[in-house]
Amino acid sequence: MFSTMRFALACTLMFAAQPLLAADLLIDNVNGYTLDSAGKLQRFEALLIDAGKVVATGKHAEMAKRAGNARRVDGKGRTALPGLIDAHGHVMGLGIMSLQADLTGTTSLDAALARIQSFANSHKEDRWIIGRGWNQVVWKLGRFPTAQELDAVVADRPVWMERIDGHAAWANSAALKLAGIDRNTKDPVGGRIERDAEGNPTGVLVDAAMELVGSRIPPASEAQLDKALASALQIMAGVGMTGVSDAGIDVATFNRYKRFAEAGKLTTRINAMIGGTGKDFDAIGKDGPLLGYGHDF
């Protein structure tokens, strides 16, 4: 009987004294929710983290008791949820677009022109004014926009605005002139130059014809591309994206990602696919897959 009582007392003490978890961070006072291994919704008020990994979630009192000397962050009642992972993204494309004129959401030609003019005025050092996102269907224009309409807001530099679907682009007269496009320019195979009744280019190039102007745009500098990646990472972090599968990179982007990872600046984990066979594949894949690089980023 004494032995049974001693065993019962030992069990009571064992369960009463919850061991401290190894943790370096307690995020407390949150409206948290996640899914367990069975897919059931689990709500929590606090979570313990050690070396960047969540080790426990639960009620405030329980997590606080088990946190030991962990650093504490007050979530101020805000919602906490698992990080989002984009299954198909283009990180550099996101960053580059963030530094260009954004015409998405414009509901009229006048609104788009005002946005282009504002962007040009605030980027006087840019040799080209480049952007994307227009949609003449949403504008209820009944036609494509024209180079002359772009000239009215920016005439001193080439302007190049891709349509929202990437299958057409809108150029001003300076861009058309730089590309040597006039009434005598033939439509390339797989593309079309929009023309007026007299056969003069109106300013919109479709599909393969886009390359006539697109090939004249100066390539971005290394500094501009670094700025684009930093911008993309900031955007992704701002919406809770902790990982992305990048659907196609070249050697330059591969090396840029590695450099950012080595400097501790890659704040979203990137799972990248090589952008095609050929030189990029041979260079990036010569030693097989690159796994866990830059502290698993």
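Residues numbered from 1 in each chain as written. Predicted model: local features only at pLDDT ≥ 70, side-chain atom pairs only at ≥ 80, totals over all residues. Heavy atoms only, no water.

1. Some remarks on the sheet that holds strand β8 (residues 84-89)
Let me state the cut-off plainly: The pairing criterion for strands is at least two bridges between them, as found by DSSP. Strands here mean DSSP runs of E at least two residues long; helices mean DSSP runs of H or I at least four residues long; both are numbered from the N terminus. Orientation is described by lines fitted to C-alpha atoms, with helices fitted over the stretch in contact, and by angles between N-to-C directions that extend from 0 to 180 degrees.
Taken together, the three strands give an open sheet; going across it, the order is β8-β15-β16, and neighbouring strands pair in parallel fashion. Of all the strands in the sheet, just β8 and β16 (269-274) have a single pairing partner and so form its edges. Averaged over neighbouring strand pairs, the angle between their axes works out to 10° when direction is ignored.

2. Quick look at helix α3 (residues 91-98)
Counted only if it meets this: For every residue, the accessible area obtained with a 1.4 Å probe (protein chains only) is divided by the maximum for its type, and the residue is called buried under 20%, exposed over 50%, and partly exposed between those limits. What the arc covers is the set of directions going from the helix axis to the C-beta atoms. Throughout, a contact is declared for two residues whenever any of their heavy atoms are within 4.5 Å.
Taken as a whole, α3 has its buried residues at Val91, Met92 and Gly95. For α3, the buried positions fall inside an angular range of 95° around the axis, keeping them on one side. Close packing links the buried residues of α3 with β8, α9 (222-238), β15 (241-249), α10 (251-262) and β16.

3. Side note on the side chain of Glu149
Stated precisely, the cut-off is as follows: Whenever a nitrogen or oxygen atom comes within 3.5 Å of another N or O atom, the pair is scored as a polar contact, on the condition that within protein one atom can donate a hydrogen and the other can accept it, and that pairs from neighbouring residues in sequence are kept only if both atoms are in side chains.
By the secondary structure assignment, Glu149 is in helix α6 (residues 147-151). A distance of 2.8 Å separates a polar atom in the side chain of Glu149 from the backbone nitrogen of Thr146. In contact with Glu149, other than residues within four places in its own chain, are Leu109, Leu113 and Arg143.

4. What about the pairing of strand β11 (residues 159-163)?
Judged by how many residues are buried, β11 sits mostly within the fold: four of five residues are covered. Both strand β10 (residues 129-134) and β11 contribute to a ladder of five bridges, which runs parallel. Bridging from a neighbouring strand, Ile130 pairs with Trp160 of β11. Taken together, the three bridges between β11 and strand β12 (residues 168-171) define a ladder with antiparallel strand orientation. Each residue of the ladder has a partner; that of Met161, found in β12, is Trp170. If you look at the hairpin formed by β11 and β12, you'll find four residues sitting between the two strands, and Gly166 has a positive phi there, around 75°.

5. Some points on the layout of surface pockets
Worth spelling out the cut-off: Cavities and pockets are defined on a 1 Å grid built over the protein atoms alone: a cavity is a set of grid points where a 1.4 Å probe fits but cannot escape, while a pocket is an open set with protein on both sides within 12 Å along at least five of seven lines, and lining residues are those with an atom within 4 Å of any such point. Grid points are joined across faces, edges and corners, and a volume is the space filled by probe spheres set on the points. Following the grouping adopted for this structure description, the nonpolar residues are Ala, Val, Leu, Ile, Met, Phe, Trp, Tyr, Cys and Pro, the charged ones are Asp, Glu, Lys and Arg, and the polar ones are all others, Gly among them.
Its volume calculated, the largest pocket comes out at about 1200 Å³. Elements with a contribution of two residues or more to the lining of the largest pocket: α3, β10, β11, α8 (211-214), α9, β15 and α10. Looking at the lining of the largest pocket, its residues break down into 19 nonpolar, nine polar and ten charged. Here the second largest pocket defines a volume of roughly 770 Å³. At the level of elements, β4 (46-50), β5 (53-58), β6 (71-74) and β7 (79-80) are the ones that each hand at least two residues to the lining of the second largest pocket. Here the lining of the second largest pocket takes three residues from β5, the largest share from any one element. Tallied by class, the residues present in the lining of the second largest pocket amount to 13 nonpolar, seven polar and five charged.

6. Focus on the packing of α9 against α10
What counts is decided by this rule: Two helices cross in a left-handed way if the nearer one is turned anticlockwise from the farther one by less than a right angle. They cross in a right-handed way if the turn is clockwise.
In contact at an axis separation of 11 Å, α9 and α10 are set at 65° when each is read in the N-to-C sense. By crossing handedness, the relation of α9 to α10 is classed as right-handed. Of the residues in α10, those touching α9 at Glu222, Leu225, Asp226, Leu229, Ala230 and Leu233 are Arg256, Tyr257, Arg259 and Phe260. Partitioned by chemical class, the residues of the contact of α9 with α10 number six nonpolar, no polar and four charged.

7. Observations regarding the side chain of Arg256
As for its position among the elements, Arg256 is in helix α10. Judged by its relative accessible area of 2%, Arg256 falls in the buried class. Ignoring anything within four residues of it in the chain, the contact list for Arg256 reads Met92, Glu222, Leu225, Asp226 and Leu229.

8. A short note on the environment of Ser215
Locating Ser215 in the fold gives a position in the loop between α8 and α9. Along the backbone, Ser215 and Ala179 are 36 residues apart, and their C-alpha atoms lie at a distance of 8.6 Å. In this structure the side chain of Ser215 is engaged in a polar contact, spanning 2.8 Å, whose partner is the backbone oxygen of Glu211.

9. Focus: unusual backbone geometry
The phi dihedral of Lys140 falls on the positive side, at around 55°, and the residue is not glycine. Inspection of the secondary structure puts Lys140 in the loop between α5 (136-139) and α6.

10. Comments concerning the environment of Ala46
By the element assignment, Ala46 lies in strand β4. Spatially, the C-alpha atoms of Ala46 and Asp182 are 66 Å apart, while their sequence positions differ by 136 residues.

11. A look at the nonpolar core
Using the following cut-off: Throughout, nonpolar core names a set of buried Ala, Val, Leu, Ile, Met, Phe, Trp, Tyr and Cys residues whose side chains join them through atoms within 4.5 Å.
Of all hydrophobic cores here, the largest spans 19 residues; its most connected members are Ile116, Ile129, Trp134, Val159, Met161 and Trp170. Elements with a contribution of two residues or more to this core: α4 (109-122), β10, β11, β12 and β14 (201-207). Excluding residues that lie within four positions of it along the chain, Val159 makes contacts with Ile116, Ile129, Leu150, Val154, Trp170, Ala171, Asn172 and Ala175.

12. Focus on the pairing of strand β1 (residues 25-28)
In terms of strand pairing, β1 meets β6 through four bridges, oriented parallel. Bridging across to β6, Leu25 finds its partner in Arg71. Both β1 and β4 contribute to a ladder of three bridges, which runs antiparallel. Paired with Leu26 across the strands is Leu48, a residue of β4.

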